Amino acid sequence: MNLDWIVIAHSVCTQKHKMGFLTTKMMERTALFLSFGSYLTSLTTAFLPLWKTMNSDLNEVENWFSGLWLTCLYTDERGIQCKAYDSVLGLPKDLQISRVLVLISIGTGGFALLTAFLGLEGVEMCVRKPDVKRGLLIFSGVMTWLSGLTTLAPVSVVAYTTVVEFWDEGFPDVMPRWEYGEAMFSGWFGGLGQVIGGTLFFVAVCMGDYDLQRLSVPVSPELKPRTKHYLKTEVL
């Protein structure tokens, strides 16, 4: 009888789990979609030549754009023309460090998405053991965190150097100076989204552990069925 009640309790908890909106399965997919969208944003930011912009007051028809890999010039007559940097060693230190961190972010973010997909509940591809899936989700959360932080770091470094150079009193006032570009803001949003996505992976793991712990709790004696004892009477 105890086994029957455990099965009933399991089915009731499973039914409540399905009826609830914020389930473990829903949390896992939310973390994956958020991480995927943020990863695409960070990936696009890495190759956009819009990290810094410069517009000279002396020549308003020219707009300069700078990124990690290219420098572009936009004019009304010729449109936009981009050119790669001549030498990697000749780049400023902040751009060299930013390049390395961005490449690490791209690699870790892509690997995190792959392992997260294999660790999703309901995905029976390659991995079917719950313990292995739990480990994959934890690993994906850590890698997504790392990808987000290595996206935020280069954007913040370039932003800091841009502010320092902008307010440098050693430059003449008539000399044009670099300012923030649109790619910087998209990089901040992408990196922050990846950090939140990695956190949601850990939340999903905690929710799964809580569900297993709740199902493994023994049934209270008060809920056990009471057996009826009948006195055997003999008809004389």
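The structure presented is a predicted model; accordingly, all values stated were derived computationally and were not measured. (Residues numbered from 1 in each chain as written. Predicted model: local features only at pLDDT ≥ 70, side-chain atom pairs only at ≥ 80, totals over all residues. Heavy atoms only, no water.)

A look at helix α2 (residues 24-47)
Across its 24 residues, α2 extends 35 Å between first and last C-alpha, which sits within 8% of the 34 Å expected from 1.5 Å per residue. The set of residues buried in α2 consists of T24, M27, E28, A31, L32, S35, S38, Y39, S42, T45 and A46. (Helix = DSSP H or I, 4+ residues; strand = E, 2+ residues; numbered from the N terminus. Expected span 1.5 Å × (residues − 1). Buried < 20%, exposed > 50% of the residue type's maximum accessible area, 1.4 Å probe, protein only.)

Re the sheet that holds strand β5 (residues 179-180)
Taken in spatial order, the 5 strands make up an open sheet running β4-β3-β2-β1-β5, and their pairing is antiparallel. Here the strands that pair on one side only, and so sit at the sheet edges, are β4 (79-84) and β5. (Pairing = 2+ DSSP bridges.)

Some words on the UniProt feature "transmembrane region" (unreviewed entry) in the protein chain
Under the local residue numbering, the UniProt record ascribes the feature "transmembrane region" (unreviewed entry) to residues 31-51, 100-123, 135-163 and 183-206. Overall, residues 31-51 shows 81% helix and 0% strand. The separation of its end C-alpha atoms is 28 Å. Secondary structure content for residues 183-206 is 100% helix and 0% strand, while the C-alpha to C-alpha distance between its ends is 35 Å. (UniProt positions renumbered as here; feature names shortened; annotations may be inferred.)

So, a nonpolar patch on the surface
Taken together, V163, W167, Y180, F185 and F189 make up a surface patch of nonpolar side chains, about 580 Å² in accessible area. Positionally, Y180 belongs in strand β5. For Y180, a relative accessible area of 33% corresponds to the partly exposed category. (Patch = residues over 30% accessible without salt bridge, like charges linked within 9 Å, V, L, I, M, F, W, Y side chains within 5 Å. Areas by Shrake-Rupley, 256 points an atom, 1.4 Å probe, with all protein chains shown as cover. Salt bridge = Lys/Arg side-chain N within 4 Å of Asp/Glu carboxyl O.)

Quick word on the pairing of strand β1 (residues 52-55)
Taken together, the 4 bridges between β1 and strand β2 (residues 63-66) define a ladder with antiparallel strand orientation. Paired with T53 across the bridge in β2 is F65.

Focus: the pairing of β2
Bridge count for β2 against strand β3 (residues 70-75) is 4 bridges, and the pairing is antiparallel. Residue S66 lies in a different strand from β3, and its bridge partner there is T71. Hairpin remark: β2 followed by β3, antiparallel, with 3 residues in the connecting loop.

Digging into the packing of aromatic side chains
A complete count under the given rule lists 7 aromatic pairs for this structure. Ring centres 6.3 Å apart and planes at 75° place the aromatic pair Y180 and F185 in the edge-to-face group. Ring centres of F185 and W188 lie 5.8 Å apart, and the angle between their planes is 70°; this geometry places the pair in the edge-to-face category. Separated by 3 residues within a single helix, F185 and W188 lie in helix α5 (residues 182-215), roughly one turn from each other. Here a set of aromatic residues connected by ring pairs shows up, and it is made of Y180, F185 and W188. (Phe/Tyr/Trp six-rings, centres within 6.5 Å; stacked < 30°, edge-to-face > 60°.)

Observations regarding the side chain of S42
Looking at where S42 falls in the secondary structure, it is placed in helix α2. A relative accessible area of 7% places S42 in the buried class.

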